[in-house]
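The lines below spell out each chain.
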Amino acid sequence: MTGTSQLGISDDGDHRAAHVDALAGLDNALQQPLPISLQQALLAARSALTEAMAERRLAQRRYAALFNAVPDPVSILSATGVVLDVNSAGVRAYGRTREEIVGQPIELLNPDLPADHLEPVWETLNRGETYVVEVTNMRGDGSRFPVEVHSATIEHDDAHCIVAVARDLSRRWQAETRYRLLLESIDKGVMLFDRHLGIISANPAAHRIFNLGSIAPAKVPLHSDEWISVDEHGRRLRPEHWPVTRSFAEGRTIPSTIIGLYHRPNGRMIWISITTVPVFSAGCDLPDHVFSLFSDITELKRDHALFDRAQSLAHIGGWEWDRGQQRLYLTGEAQRILGQQSAPTDLEQLLACLNSLSRQQLRDAMERVVEQRTGFELELQGQRASGHSFWIRMIGEVELGDLASTRIAGTLQDITEPKHAEQTLKNQARTDPLTGIMNRDAALTDLEARLSNPSHAEVAVLYIDLDRFKTVNDVLGHNAGDLLLIEATRRISDAIGTEGLLARFGGDEFVVTCDARELPGRPEKLAEAITRAFVPPFQFGKDEFPVTTSIGIARAPKDGVRPQQLIQNADLAMYECKRRDRNGWQLFSPELARRQRDRLQIERRLRKALDRDEFRLVYQPQVDLRSGQTIACEALIRWRSRQLGELRPDIFISHAENTGDIVRIGEWVLHQACRQIREWQREGLGMMRVAINVSYRQFSGDRLARQVREVLDHYGLPGSALELEFTERVLIEDAPATLRTFAELRAMGVVLTIDDFGEGYSALNYLRTLPIHGLKLSQLFISGVPGNPSDVAVCEAVCGIARSLGLGLVAEGIESEAQRQFLLGLGVPVGQGFLFAPGLSPPDFSRQLTRADIAGPVPQV
């Protein structure tokens, strides 16, 4: 044995030291002048001590040799289960060093032991008997092996200890199990399965129950098309939920489970109660076999079903509350009436199914029953796991002869239907008349009920908006829009099934509420299902219209604890999805809320910015790239808010477009630019053409053309003094109206340019028909030339398009001489950027024109 045995000689060092000290003391005493008789006595004592020490060492060596000679693992345990010693066979069997085992609780070697596992051991040992048990031990690498442990008592230092000998049963257990399955005397079906669900063996009772014939099939019959399996409630049982499959997957015993098996060929229904036990081979941490034991309970199930059916027809279930064990029992019908995911097993869980008022009523009634021994009858309201509310009539009383009132029992009757009948008119007011689903008020009421119930408060809201619904409604009319909403309702309902509750919130907006307790990923899963449901386009006659969804998701309680707050946050997430790319879903986040607050703050200040004279225009020269002469300029808007300070246009312009304020701002820019052109004329600087940006929102009917005509007339300017730049989004908003507006503007002589060409939709087919003058190369592509091949390719392509269509070209964002030279090589005549000048105030721009001595007519693009 390596090391020192803890039980036999763990204190050997202390004993040896004590003995050595004793010998030294005797030797010292013998050196002193002592009477002869005393010296003889001391010599005798020294001889006896030396002999005792020699015998002790011999006994320890014998113990060590005997301890390590045992071929089975032997452990010495303290009274509390701490390992005091382990022999060499144990070190080898457990795959651990002795130091890793000694001093540790026995649970290290057998982690499956219950907390009170020593109680039956000591009870047996105290009777003078040997305790024998079969358990599964674990090695250091986590693998398991079955053992038969024989335990007995030993004395050590006047303390009771346990010596446990573990015999490895791996091979014997497998052999005995196979033979045991062949026993014909047992009336329960027994089968042994391998990991592929192949049947290794089955006893005669199993053959009789399943009617398998004399030869068992190679595979479990549940895999074939002949059998249909259901759970005890009649729901289809998927293969991964079979007890045998679960035992293999989870590596644990699956206790009595009721399964129904329907044999299609002969129309026979079998009900069994099955228990499955995993079997671990030596060195395995997962079971390689599963042992199943089952009984035929078809007759019992039939009798029970008849009783349940009687209860079901009357919608009455039974209940019993055991106050002593704090346990609630509900019959099957009572469980169905309550409709929870798992049946309540105590009074608090039952109370959690009810609303706050009913909860208090039942709690008070139960207290009166105990104190006064009187019965009660209550009408209570609650909520099922599906989210639907219910009404029950609950009757209870103390059982006869129960003087301590330890058991209270009674009945539950479902009175939801008559209660709901009383509210039929109210429910009609809560239903959307077009789609037949819940309306806004009903959705809010249902959501409030969910949030008020702590056990159902983990709810998620999906806020759904139909993309491009307005297009269908405007083009085909309201009847087509109504048909689209009805079909959209059907698609959403099919997508969510029974996992969510659908309501129409108004217009083309819907709300789905779902439970997120058991499946945290359910909201995202439903959002994906809804998105997929809208992939096929909507058919109206021979025309197809693609309509997609933008979905925002918010969860309680993380994203809100009140209905309006939760829906508002889901709505916010939906708008973020719509802002990005539509046709998808977006989770709410605090960052979204922060951006929403910032947006609201900007939009609130933006509405007053014009009245407070907070806008100004700067002018960036557009120059001839060959000569460097300024030939035109672009008016750029700047906003210095009194509260927010200087804001970049890329921040506030998008907000202005969302709110519609861009129309007023655009009109102001048009007036300011034309006024400045007239002012430069008065200064003798000639007719300077100014380019201004126009939002797609300004293209509404003939409003833009009329405004431009009025402003030009007001300042006495020709149309050639003005250049309007618009993005490609204008091309797809309303093509016929856009064509008319462009034609009118061109007739005035206004120069028309597509800004940032290539960044947006690039609707090339419109370029052939729109009466535009030129394209503007985006700074996004200019910044990468001449070094970036991709940007070079885009610039070459845009220049090729412009040349082939006879359109002018302006490049923006030029910051280096290399970029100017590259653009000149492509044939781009005009450009602007920091290489020439930033946006200049009107006086600075005038001074630059004066220094450059600009003269002559303005070149046309």
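Residues numbered from 1 in each chain as written. Predicted model: local features only at pLDDT ≥ 70, side-chain atom pairs only at ≥ 80, totals over all residues. Heavy atoms only, no water.

**Q** Sorry, what's going on with the pairing of strand 31 (residues 808-812) here?
**A** Looking down a regular strand, the side chains alternate between one sheet face and the other. Counting buried residues along strand 31, 5 of its 5 residues qualify, which places the element largely inside the surrounding structure. Neither face of strand 31 is open: one carries Gly-808, Val-810 and Glu-812, the other Leu-809 and Ala-811, and all of them are buried. Relative to strand 31, strand 30 (residues 774-777) runs parallel, the two sharing 4 bridges. Bridged to Leu-775 within strand 31 is Leu-809. (Buried < 20%, exposed > 50% of the residue type's maximum accessible area, 1.4 Å probe, protein only. Helix = DSSP H or I, 4+ residues; strand = E, 2+ residues; numbered from the N terminus. Pairing = 2+ DSSP bridges.)

**Q** Would you mind showing me how to read the packing of aromatic side chains here?
**A** Geometrically, a pair of aromatic rings is defined through the distance of the ring centres and the angle of the planes. Counted by the stated rule, this structure contains 13 aromatic pairs. For the ring pair Phe-615 and Trp-639, a centre distance of 5.9 Å and an interplane angle of 45° mean the geometry is tilted. Highlighted residues: Phe-615 in strand 24 (residues 615-624) and Trp-639 in strand 25 (residues 630-641), separated in sequence by 24 residues. According to the relative accessible area criterion, Phe-615 is buried, its value standing at 5%. Residues Tyr-619 and Phe-845 carry aromatic rings whose centres are separated by 6.4 Å and whose planes lie at 50° to one another, so their mutual orientation is tilted. Pair noted here: Tyr-619 is in strand 24 and Phe-845 is in helix 31 (residues 842-852), with a separation of 226 residues, a long-range link. The pair Tyr-619 / Phe-845 is uniform in exposure class, with both members buried. Within the aromatic cluster, the residues linked to one another by ring pairs are Phe-615, Trp-639, Phe-652 and Trp-668. Above the ring of Phe-538, the side-chain terminus of Arg-491 is found at 3.9 Å from the ring centroid. (Phe/Tyr/Trp six-rings, centres within 6.5 Å; stacked < 30°, edge-to-face > 60°. Lys NZ or Arg CZ within 6 Å of the ring centre and 35° of its normal.)

**Q** Looking at this model, I keep getting lost on the sheet that holds strand 18 (residues 501-506). Mind explaining?
**A** Pairing between sheet strands relies on hydrogen bonds along the backbone, with the strands arranged either parallel or antiparallel. Within the open sheet, the 5 strands sit side by side as 18-19-17-22-23. Their pairing is mixed. Taken across any chain shown, the strands that pair with only one partner, and hence form the sheet edges, are strand 18 and strand 23 (584-587). Direction aside, the axes of adjacent strands within the sheet are offset by 25° on average. Across 7 bridges, strand 17 (residues 459-466) lies against strand 22 (residues 549-555) in antiparallel orientation. If you follow Val-461 over to strand 22, its bridge partner there is Ala-554. Running over the sheet, helix 20 (residues 563-580) touches strand 17, strand 18, strand 19 (509-515), strand 22 and strand 23 and is turned about 145° from strand 22. (Axes fitted to C-alpha atoms, helices over the stretch in contact; angles between N-to-C directions. Contact = heavy atoms within 4.5 Å.)

**Q** Is there a simple way to think about the environment of Ala-802 in this case?
**A** Summarising the element assignment, Ala-802 is placed in helix 29 (residues 789-805). Taking the C-alpha atoms as reference points, Ala-802 and Gly-774, 28 residues apart in sequence, are found 7.3 Å from one another.

**Q** How do you make sense of the side chain of Gln-819 when you look at a structure like this?
**A** Looking at where Gln-819 falls in the secondary structure, it is placed in helix 30 (residues 817-826). Judged by relative accessible area, Gln-819 falls into the buried class, the value being 6%. If near-sequence neighbours (up to four positions away) are discounted, Gln-819 is found in contact with Ile-782, Ser-783, Val-785, Gly-813 and Ile-814.

**Q** Sorry if this is basic, but what is going on with helix 9 (residues 243-250) here?
**A** Taken together, the buried positions of helix 9 are occupied by Pro-243, Val-244, Ser-247 and Phe-248. Down the axis of helix 9, the smallest arc covering the buried residues is 140°, so these residues share one side. Buried residues along helix 9 sit against strand 6 (189-194), strand 9 (254-263), strand 10 (268-279) and strand 11 (289-296). A positive phi of about 65° marks Gly-251, the residue just after helix 9. (Arc of directions from axis to C-beta.)

**Q** Honestly, the packing of helix 21 (residues 590-609) against helix 22 (residues 649-659) in this entry has me stumped. Any pointers?
**A** A packed helix pair is summarised by two numbers, namely the angle formed by the two axes and the spacing between the axes. Here helix 21 crosses helix 22 at 75°, and the two axes come no closer than 10 Å. In this view, helix 21 runs roughly perpendicular relative to helix 22, as classed from their interaxial angle. Counted together, Arg-599, Ile-602, Glu-603, Leu-606 and Arg-607 of helix 21 and Ile-651, Phe-652, His-655, Ala-656 and Thr-659 of helix 22 form the full contact between these two elements. Split by residue class, the contact of helix 21 with helix 22 holds 5 nonpolar, 2 polar and 3 charged. (Parallel < 35°, antiparallel > 145°, perpendicular 65-115°, else oblique. Nonpolar A, V, L, I, M, F, W, Y, C, P; charged D, E, K, R; others polar.)

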